[in-house]
Every structure is written in structure tokens, then in C-alpha cells.
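As a plain string of letters, each chain reads:
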Amino acid sequence: MPDQPDPIPSDDLSRRLTVARPDEDQGLRHIGLVGDTYTILVAGQDTAGKYTLIDMHVPPGGGPPPHRHDFEEMFTVLDGEVRVTFRGQTIVARAGETINVPANAPHSFTNASGTPSRLLCLCAPAGQEEFFTLVGQPVATRTEPPPPLDAEAQAAFVATSRALAPRYKTELLPPPSRD
């Protein structure tokens, strides 16, 4: 007799439906980080820690520096385009395209165009939104840029990011050499 699959668990009535309206919902967290604005649409507390969903507004020249982490990260480009570097190779991802970055792989992305880009970023499991909240600056809306950092504030941001990154299983990598 073949193995019977486990039954589907009962509905967990303690969990609620999550609806995110990033341009309307005043309760969503908008975080300014590395010149970008990230809106936490669905946090780990909404998904029992399974994933987080982040709306990313990336201005021209924006995007995170090289890094890697122990969770899966998937991006869908909604508007514009980004130049993605993955394990040293570069591609351009345009509106309507989705890329998945496997856990532990070195990567970064940059908006190399002249117009803002918008991405949906899914991280599984959740936790990245907590890191962003701790190192970023609150801003009022999904598209509001974070205030510029002076040299002292920039140094503090880098120090805080480096100190917290290991707790969130993230490694900040040096920029590629310009040989």
C-alpha cells in the first residue's frame, strides 16, 4: 500500500488576512535605505515567519551594494529596469521580469537608468524586513527618498549595518575591483 500523505492541517484561526495598499495605508512601514525607499507590504509576523514582501522604490543610481545572505530572495521588476550582478555576472532585468537569487550567492543591483524603478522583493524565510527597519530611516511615503547622510551619519550607518548583518545572516561584501 502506498504511503498516504499527511492530512492538511486545520485552519489556524489566529492568523488574519493581510491586505497591503502601499500608496494609501498609513500603517505600512516606509524605510529609507541606501538612497532607496522600501515599503514593508507583508512582514514575517503576518506569515508565521515564512516570508516577507517588500515594495522597493529605487531611484536612478540606487540599489544595495554587494552582499549575500542565507535566505532566498526573489525580485519582480514592476517599473523600469535594474542591472543585477550575480556571482560576478551582470544582466539587466526589465519590467515584467522576475529573478530569483539563491541563498548564499553574492549579488547586488543598481538602477542604471534615468528613471525610478519599482520592484517587489520576496525574502523567504522572513527577517530581512527587521534588518531594514533597524538600519534604515523611517520616511513618510512609498516614494519619499531618505534624507542625505552627512559623513558622520554615513559612518554610523555603515557601522550599524556591519554590526547587525551577522544577526540577520547577511554578509556585506566589498565592491568589485576596478582592474
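How each quantity is defined
Residues numbered from 1 in each chain as written. Predicted model: local features only at pLDDT ≥ 70, side-chain atom pairs only at ≥ 80, totals over all residues. Heavy atoms only, no water. Helix = DSSP H or I, 4+ residues; strand = E, 2+ residues; numbered from the N terminus. Buried < 20%, exposed > 50% of the residue type's maximum accessible area, 1.4 Å probe, protein only. Contact = heavy atoms within 4.5 Å. Areas by Shrake-Rupley, 256 points an atom, 1.4 Å probe, with all protein chains shown as cover. Lys, Arg positive; Asp, Glu negative; His and termini not counted. Charge placed at Lys NZ, Arg CZ, Asp CG, Glu CD. Pairing = 2+ DSSP bridges.

Trainee: It is not clear to me how the overall build of the protein chain should be interpreted in this structure. Could you clarify?
Mentor: Secondary structure assignment for the protein chain yields 2 helices and 12 strands. Along the protein chain, from the amino end to the carboxyl end, the secondary structure elements read β-β-β-β-β-β-β-β-β-β-α-β-α-β. By principal-axis analysis of the C-alpha atoms, the protein chain measures approximately 65 × 40 × 35 Å. Within the protein chain, the fraction of its 179 residues that count as buried is 36%. Put simply, of all contacts in the protein chain between residues at least 6 apart along the chain, 69% involve residues at least 24 apart. Accessible surface computed for the protein chain: about 10,700 Å², of which carbon and sulfur atoms make up 55%. In the protein chain, the 15 positive side-chain charges and the 23 negative ones have mean positions that sit 3 Å from each other.

Trainee: What should I look at first to understand the pairing of strand 8 (residues 98-101) in this one?
Mentor: In summary, the side chains of a regular strand alternate between the two faces of the sheet. Side-chain alternation along strand 8 places Ile99 and Val101 on a buried face and Thr98 and Asn100 on a face that remains uncovered. Sheet topology note: the strand 5 (residues 72-79)/strand 8 ladder contains 4 bridges and is antiparallel. Bridging from a neighbouring strand, glutamate 73 pairs with valine 101 of strand 8.

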